[in-house]
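Tertiary structure, described
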Amino acid sequence: EFEALVAKVKGCLLCKAHLPQGVRPVFQMHPSAQILIAGQAPGRKVHESGIPFDDASGQRLREWLGISKDTFYNPEKVAILPMGFCYPGTGASGDLAPRKECEPAWRAQLLEHLPHLKMTIVLGQYAQKYHFGGTQLSLTALVESWQDHWPSLVPMPHPSPRNNIWLSKNRWFEKELVPKLQQRVAVVLAN
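Residues numbered from 1 in each chain as written. Predicted model: local features only at pLDDT ≥ 70, side-chain atom pairs only at ≥ 80, totals over all residues. Heavy atoms only, no water.

**Here's the deal with the layout of surface pockets**
Its volume calculated, the largest pocket comes out at about 1,000 Å³. If you trace the largest pocket, you find 38 residues lining it, with Gln40, Asp95, His158, Ser160 and Arg162 closest to the centre. For the lining of the largest pocket, the elements supplying multiple residues, two or more each, are helix H2 (44-49), helix H3 (56-65), strand S2 (78-82), strand S4 (94-95) and helix H6 (124-131). Broken down by class, the residue content of the lining of the largest pocket amounts to 17 nonpolar, 15 polar and 6 charged. Taken as a whole, the second largest pocket encloses approximately 250 Å³ of empty space. Forming the walls of the second largest pocket are Met83, Ala97, Pro98, Arg99, Lys100, Glu103, Gln125, Tyr126, Lys129 and Tyr130. A total of 4 residues in the lining of the second largest pocket trace back to one element, the largest contributor, which is H6. When grouped by side-chain class, the residues that make up the lining of the second largest pocket number 5 nonpolar, 1 polar and 4 charged. (1 Å grid on protein atoms, 1.4 Å probe; cavity = no way out; pocket = protein on both sides within 12 Å on 5 of 7 lines; lining within 4 Å. Points joined across faces, edges and corners; volume = space filled by probe spheres on them. Helix = DSSP H or I, 4+ residues; strand = E, 2+ residues; numbered from the N terminus. Nonpolar A, V, L, I, M, F, W, Y, C, P; charged D, E, K, R; others polar.)

Spelled out as C-alpha cells, the structure:
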C-alpha cells in the first residue's frame, strides 16, 4: 500500500498545466522515519537534480540539524515532504508559492504512513500554516514560541540564503534553538 501510494504521487499530473519546468515530484519517505522535514516546494536546483534540499538551503539545514548528508538522505531516518512536490516556477521576487493541489490530494495519505515520527521540523510559512492549524502568527512570532510545541513540532525559518537578513536580526535562533534541536535530533536518531 505504501509503495503504491508513493508511485501514485511520483506519477501525479494534477498541476502539470501550471508547471513551466514540467512535473517532477521531489520528496523522500519510508514508514520507519522518525524525523519529518516539512518544507515549502523544491527550488530550481532541486527540480533539476531530483534530490530534496540539494542546494545551499540543504547544507544549512543539515548544519542546523547537526547531521551528515548520509543520515539526512536516509529515508528510514528522515522523511522530507514539502507542501508542494514540484518546482512551481519563478515569480517577481523568487520562487512561486507551492502549488495548492498537492496538500489536499496527498499530504494526509502520506503522513498516515509515518507512524514512528518523533519530531517534525516545519520550515516556512506554508508548512507552518498546515502543521500549526492555520496559525496567523508571523514567522518570527511562531519561531519565538518554539518551546510551546517542543519537542514534537519545531517551527523554523526556511534555511534559504534569502533568509540571511532574518537570521541576522534574530541571532537568538542559532544561539538558543539550534543547539537544542541538534541535541534532540541526536537523541531521536540514536533510538
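**Comments concerning the pattern of salt bridges**
Applying the stated rule across the entire model yields 2 salt bridges. The residue Arg44 makes a salt bridge to Glu48 at a minimum N-O spacing of 3.3 Å. Residue Arg44 and its partner Glu48 are both found in helix H2; the two are separated by 4 residues, about one turn of the helix. Glu101 is the salt-bridge partner of Arg99, the closest N and O atoms lying 2.8 Å from each other. (Salt bridge = Lys/Arg side-chain N within 4 Å of Asp/Glu carboxyl O.)

**A word on the packing of H3 against helix H9 (residues 172-190)**
Taken N-terminus to C-terminus, the directions of H3 and H9 make an angle of 75°; their axes are 7 Å apart at the nearest point. Considered as vectors, H3 and H9 are oriented roughly perpendicular to each other. In this structure, H3 contributes Glu63, Trp64 and Leu65 to the contact, and H9 contributes Phe173, Glu174, Val178, Leu181, Gln182 and Val185. Grouping the constituent residues of the contact of H3 with H9 by class yields 6 nonpolar, 1 polar and 2 charged. (Axes fitted to C-alpha atoms, helices over the stretch in contact; angles between N-to-C directions. Parallel < 35°, antiparallel > 145°, perpendicular 65-115°, else oblique. Contact = heavy atoms within 4.5 Å.)

**Details of the state of the cysteines**
Scanning the model with the defined rule gives 0 disulfides in all. Of all cysteine sulfurs, the one in Cys102 lies closest to Cys12, which takes part in no disulfide; the gap is 6.0 Å. The structure places no disulfide on Cys102, whose sulfur is separated from the nearest cysteine sulfur, that of Cys15, by 5.2 Å. (Disulfide = S-S within 2.5 Å.)

**Concerning the pairing of S2**
Every other side chain in a regular strand lies on the same face of the sheet, so the side chains alternate between the two faces. Within S2, 5 of the 5 residues are buried, which leaves the element mostly enclosed by the surrounding structure. Alternating positions in S2 separate into two faces, Val78, Ile80 and Pro82 on one and Ala79 and Leu81 on the other, with burial throughout. In this structure, strand S1 (residues 35-39) lies alongside S2, joined through 5 bridges in parallel fashion. The residue bridging Gly39 from the neighbouring strand is Pro82, located in S2. (Buried < 20%, exposed > 50% of the residue type's maximum accessible area, 1.4 Å probe, protein only. Pairing = 2+ DSSP bridges.)

**Some points on the packing of aromatic side chains**
What characterises a pair of aromatic rings is the spacing of the ring centres plus the angle enclosed by the ring planes. Enumeration according to the criterion identifies 8 aromatic pairs in this entry. Seen in terms of ring centroids, Phe27 and Phe85 are 5.0 Å apart; in terms of plane orientation they differ by 45°. Their pairing is tilted. Placement of the pair is Phe27 in the loop between helix H1 (2-10) and S1 and Phe85 in the loop between S2 and strand S3 (90-91), with a sequence separation of 58 residues. With respect to burial, Phe27 and Phe85 carry one shared label: buried. Arranged with centres 6.3 Å apart and planes meeting at 70°, the rings of Trp166 and Trp172 form a pair that is edge-to-face. Across this residue pair, the class does not change: Trp166 and Trp172 are buried. By way of ring pairs, the aromatic residues Trp64, Trp166, Trp172 and Phe173 are connected into one cluster. Sitting above the plane of the Phe27 ring, Lys10 keeps its charged end 4.6 Å from the centroid. (Phe/Tyr/Trp six-rings, centres within 6.5 Å; stacked < 30°, edge-to-face > 60°. Lys NZ or Arg CZ within 6 Å of the ring centre and 35° of its normal.)

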